[in-house]
Amino acid sequence: MRWGLIPSWFTETNPSKMQFNTSNCRSDTMSEKAMYKGPFFKGRRCVVLADGFYEWRRQDGEKQPYFIYFPPVKSEQSEDSKDDSDAGSRRLLTMAGLFDCWEPPGGGETLYSYTVITVDASKSMNWIHDRMPAILDGDEEIQKWLDFGEVPAKEALKLIYPIENITYHPVSTIVNNSRNNTPECIAPIILQKKKVSLQNTSKRGLYDKNNKAAPVMKHRLTCSWAV
């Protein structure tokens, strides 16, 4: 399927002329907006698989990317292992989505396209960004979401909520260029604290117990990586 939903009622001959960004749709309005309510109430629900997704945290005028994914699942063999650095397997992220089928007005092959549903970020995520994908955690939730015949739209909505079972780590800004597609894109980096000394405090500054001006240190997160 193509990422970026093209609704069945789109009248242009070229789907690239879609004027709206439909890569994501908000859960709180998908049952109201014409773009999404048709697929939603027709039961055109899908699951989008990915290793994880990226989000950028804004700080001090800079944007630091994070890779976000399911926590690794530890194998039984790793319980007695002293070195468990590789003793886990990462689950594919299972995100809730909607899809639609568009047929060119002049005839031709049907185009299947989808959008990823988003929700307010969970407590463990909202310090990075205020939105996150709607993630289906486990086979039961996945099966209910896909079973449009037995699970109506109203019940399916109960599966769409922020989850806390998620983890993340900072990554290099090479991910800012979509042409980069290497293992380095998801490799963790170490964020280093940079100390910044201020000048001697004034009368309004900080003082120690002997009424002497106390040194003040501020910390700002900076990143180091090899490009």
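Cut-offs and rules
Residues numbered from 1 in each chain as written. Predicted model: local features only at pLDDT ≥ 70, side-chain atom pairs only at ≥ 80, totals over all residues. Heavy atoms only, no water. Phe/Tyr/Trp six-rings, centres within 6.5 Å; stacked < 30°, edge-to-face > 60°. Helix = DSSP H or I, 4+ residues; strand = E, 2+ residues; numbered from the N terminus. Lys NZ or Arg CZ within 6 Å of the ring centre and 35° of its normal. Pairing = 2+ DSSP bridges. Axes fitted to C-alpha atoms, helices over the stretch in contact; angles between N-to-C directions. Buried < 20%, exposed > 50% of the residue type's maximum accessible area, 1.4 Å probe, protein only. Arc of directions from axis to C-beta. Contact = heavy atoms within 4.5 Å. Salt bridge = Lys/Arg side-chain N within 4 Å of Asp/Glu carboxyl O.

A. Representation of the packing of aromatic side chains within the structure. In total, this model carries 9 aromatic pairs according to the counting rule given. Geometrically, the ring pair formed by Trp3 and Tyr114 is stacked, given 6.4 Å between the ring centres and 5° between the ring planes. With a gap of 111 residues between them, Trp3 in strand S1 (residues 2–3) and Tyr114 in strand S9 (residues 111–120) connect regions that are remote in the sequence. Of the aromatic side chains, those joined through ring pairs into one cluster are Tyr54, Trp56, Phe67 and Tyr69. One cation-aromatic arrangement involves Arg45 over Trp145; the distance from NZ or CZ to the ring centre is 5.2 Å. The positively charged end of Arg91 is found above the aromatic ring belonging to Phe70, 3.8 Å away from the centroid.

B. Highlighting the sheet that holds strand S5 (residues 62–69). The strand order S4-S5-S11 describes an open sheet built from 3 strands, whose pairing is antiparallel. Across the chains shown, the open sheet's two edge strands, defined by having one partner strand only, are strand S4 (53–59) and strand S11 (167–170). Ignoring strand direction, the axes of neighbouring strands in this sheet form an average angle of 35°. As paired strands, S5 and S11 are joined by 4 bridges and run antiparallel to one another.

C. Layout of helix H2 (residues 139–146). Every buried residue belonging to H2 is among Glu141, Ile142 and Trp145, and all of these are buried. Looking down the long axis of H2, one finds its buried residues gathered within 100° of arc, a one-sided arrangement. Exposed residues on H2 whose side chains face more than 90 degrees from its buried face are Asp139, Glu140 and Gln143. If you follow the buried residues of H2, they end up packed against helix H1 (34–41), strand S3 (45–50), strand S8 (93–102), S9 and helix H3 (153–156).

D. Highlighting the pattern of salt bridges. Counted by the stated rule, this structure contains 6 salt bridges. The salt bridge involving Asp28 is made with Arg26; its shortest N-O contact spans 3.3 Å. Relative accessible area serves as the criterion here: at 44%, Asp28 is assigned to the partly exposed category. A relative accessible area of 39% means that Arg26 is categorised as partly exposed.

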